[in-house]
Amino acid sequence: MFILAYLLVIDSSQYYGNKYLNELQAFDTNGDGSFSADEQTDGYDEAERRFVHDTGRTFAPILGFIISGILALILGLFLKLQSAYIRRIKRGHGGT
């Protein structure tokens, strides 16, 4: 569970990082890797803002570790309680 949750956080971060980069590169009409004054439109400004201010890519490994740990702990406790509850029910019914 921990590994799956961690990979989900990391992969979603990578997905959005690539999405924002592709949106930004769409404004590089001459393909030279830089943005001239005529390429810098309002749409470019918005795409640049999303790409530059995306802190999720930076913090995903740290927060992903924490979030995955919490989810794994909650799931583990739930499964432990469920197992104890089932054992208790079986004892109450004579094991049948």
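The structure reproduced in this document is the subject of the present report. All values reported here derive from a predicted model rather than from experimental measurement. (Residues numbered from 1 in each chain as written. Predicted model: local features only at pLDDT ≥ 70, side-chain atom pairs only at ≥ 80, totals over all residues. Heavy atoms only, no water.)

**Digging into the overall build of the chain**
(1) Moving on: When helices and strands are counted, the chain shows three helices and zero strands.
(2) Moving on: Listing each helix as α and each strand as β along the chain from the N terminus yields α-α-α.
(3) Moving on: The C-alpha radius of gyration of the chain comes to 24 Å, more than 25% above the 12 Å expected for a compact globule of 96 residues.
(4) Moving on: Overall, the C-alpha framework of the chain stretches about 80 × 20 × 20 Å when taken along its three principal axes.
(5) Moving on: Here the chain holds 96 residues, and the buried ones make up 15% of them. (Helix = DSSP H or I, 4+ residues; strand = E, 2+ residues; numbered from the N terminus. Rg over C-alpha atoms; globule rule 2.2 N^0.38 Å. Buried < 20%, exposed > 50% of the residue type's maximum accessible area, 1.4 Å probe, protein only.)

**Some points on the pattern of salt bridges**
(1) Moving on: Counted according to the given criterion, the structure contains four salt bridges.
(2) Moving on: The partner of glutamate 46 in a salt bridge is arginine 49, with the nearest N and O atoms 2.5 Å apart. Here arginine 49 and glutamate 46 lie together in helix 2 (residues 42-52), a separation of three residues that amounts to about one turn.
(3) Moving on: Residues joined in a network through salt bridges with shared partners are Glu23, Glu46, Arg49 and Arg50. (Salt bridge = Lys/Arg side-chain N within 4 Å of Asp/Glu carboxyl O.)

**Some words on helix 1 (residues 2-25)**
Note that an α-helix has 3.6 residues per turn; residues three or four places apart therefore point the same way.
(1) Moving on: In this model helix 1 runs 35 Å from its N-terminal to its C-terminal C-alpha over 24 residues, within 8% of the 34 Å that 1.5 Å per residue would give.
(2) Moving on: Within the sequence span of helix 1, burial applies to Ala5, Ile10, Ser13, Gly17, Tyr20 and Leu24. (Expected span 1.5 Å × (residues − 1).)

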